[in-house]
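# Secondary and tertiary structure notes
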Amino acid sequence: MNVATRLRRLALFAVASGVLGGVLGGGPLASAEGGTPVGGAVESTLSLSLGEPSPFTHVRSGQGRSEYDATVAVEVTATDAPVRLSLADGEAISGAHRGHMVRGHSKLPVALQAAAGHGGFHSLDASFDPLLEQWAEPVSLEGATIRLRQEVRGAHFPPIGDYHKLLLVTASAAGP
Amino acid sequence: MTLHNISRSMFAATLGMLIAAGASVAAGGGMSISPGIVEHLASRGSVGAIKISNTTGASMAVKVALRPWLQARGGEVSPNRGATLGEVGVGPRSFTLGPNASRSVSLSLSRTPSQRSIYGAVEVTGVPSGTVSRGLKIAYRLVSSLRLDPPSNAQAFRAQPGGLIEQGSARHGTLLLTVSNTGNTIVPIGGTAVISGQGRSLRATAGAKVIVPGQTVNVPLVQLLGSLPAGRYTVAVGLSQGGHGLGTVRRTIALR
């Protein structure tokens, strides 16, 4: 965990415990200087914020195939650990279209892949939703970048932008 | 200015910078649910409520589903998206949540479940308004835990041991025991293992695993790390769950 992440966690705790109003609002500080204990209960919660996905950009070609990459910025807050970040197909739970970008009744032959951080890519057509990131402890405003990759083989497909897919960015907390 | 005040000023400045730095994602808001875990006795009537909040500037089509867990042999869980927990009522199951709005969803049991407990996932999906027919559309999915526990006098601590598995390289891998939770609690199942043979004996504490009732998981017994020579061994595993002994199982294994 880097310094910025630690500071952001501290900031969230400050918000939750009511310290922030006094600090930023320039309110009376005497009670803090007087040694009043600072603390409070943080409500059990799970929260997810998403940035706009970047458009697919062509990253490489060779041996009859091309790769296109896109990214999505994610921020997770969870008071119950472990915390997991995964990705699920929002249109097809099972079947041949699961994990594949579609256009009408046709689909790209190769499934979408996803990764986060330094992790490797996972195919979205697997029976288990790929686990992209996990944290053993509660997190607040923990950022991650999901990388999406679409491989296109051959040159006989319409532009990749003609295909579409609804993806569910999934934050899970606590396990069973 | 005292050192105390300087440090507080620095904190305020740092906080301002951090809030600004986080603006790329957080400025657009998001979706949240509270509480993160719904836990209640599995008895008829209300078993809890979830508050769902949309802090984005757009309307969201929200769906709430309660699903059984799928558990992999390694212990990882995910909601079974092809099934729902029919015994637990949800109201409402779907609705549109306006920008910066919240709504409470109630959960209830129409009858006491026959197994006296229910463990599953609360799955809340939120699809921002506006259809995208080309490219990627990103939506929210939050998964938390529903724990409807049995009353203490109806807890059943039971497990069915299966076969031994040697995972990894020969004699340096991990010994695992396949265990099914045939009881009705999610109290972790672990125990102790004694491996004997070839004039040697090795004792280890098995790592306790949460196993969803009805599911099967490989419980790690011991990492061998080359500590035993090749040969045939007897493995005696005493399983336990929350301090309750579940009996001892004996298996044999040949280490090559």
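In this text the structure is predicted, and so the values were computed from the model without any measurement.

Conventions adopted
- Residues numbered from 1 in each chain as written.
- Chains lettered and ligands numbered in written order.
- Predicted model: local features only at pLDDT ≥ 70, side-chain atom pairs only at ≥ 80, totals over all residues.
- Pairing = 2+ DSSP bridges.
- Helix = DSSP H or I, 4+ residues; strand = E, 2+ residues; numbered from the N terminus.
- Axes fitted to C-alpha atoms, helices over the stretch in contact; angles between N-to-C directions.
- pLDDT = per-residue confidence, 0-100.
- Contact = placed C-beta atoms within 7 Å.
- Buried ≥ 20, exposed ≤ 12 C-beta atoms within 10 Å, placed from the backbone.

Now for the sheet that holds strand S16 (residues 231-241) of chain B. Residues and elements named next belong to chain B. Taken in spatial order, the 4 strands of this open sheet run S14-S13-S16-S17, and their pairing is antiparallel. The outermost strands of the open sheet, each flanked by one partner alone, are strand S14 (200-209) and strand S17 (244-255). Pairs of neighbouring strands in the sheet enclose a mean axial angle of 20°, with direction left out of account. Where strand S13 (residues 189-197) lies against S14, 8 bridges are found, and the strand directions are antiparallel. Bridge pairing in S14 links valine 194 to arginine 203.

Residue and element names in this part refer to chain B. Taken together, 3 strands build an open sheet; the order of strands is S11-S12-S15 and the sheet is antiparallel. Edge strands, defined here as strands with exactly one partner in the open sheet, are strand S11 (159-167) and strand S15 (216-223). The mean angle between the axes of side-by-side strands here comes to 25°, regardless of whether they run parallel or antiparallel. Sheet analysis places strand S12 (residues 174-181) next to S15, joined by 7 bridges and oriented antiparallel. By the bridge assignment, leucine 176 is partnered in S15 with proline 220.

What follows is about the pairing of S16(B). Residues and elements named next belong to chain B. Pairing between S13 and S16: 8 bridges, direction antiparallel. Each residue of the ladder has a partner; that of glycine 191, found in S16, is leucine 239. Here 10 bridges tie S16 to S17, and the two strands are oriented antiparallel to one another. Bridging across to S17, tyrosine 233 finds its partner in isoleucine 253. The turn linking S16 back onto S17 is made up of 2 residues, and glycine 242 within it adopts a positive phi angle of 55°.

Residue and element names in this part refer to chain A. Per-residue confidence for chain A averages 80 on the pLDDT scale, and 77% of its residues sit at or above 70. Across chain A, element-level confidence peaks in strand S1 (residues 46-50) with a mean pLDDT of 97 and bottoms out in helix H2 (residues 19-24) with 36. Here residues 1-31 is modelled with pLDDT under 50, and outside its nearest four sequence neighbours on either side it reaches 33 contacts, counting other chains as well.

In this structure, Pro82(A) follows Ala81(A) across a cis peptide bond, with omega equal to -5°. Checked against the element boundaries, Pro82(A) lands in the loop between strand S3 (65-78) and strand S4 (83-89). Residues other than glycine seldom take positive phi values, yet Asn100(B) does so here, at roughly 50°. Within the secondary structure layout, Asn100(B) lies in the loop between strand S7 (94-97) and strand S8 (101-109). Judged by local crowding, Asn100(B) falls into the exposed class, with 11 C-beta atoms found within 10 Å. For Arg116(B), which is not glycine, the phi torsion reads 70° and is therefore positive.

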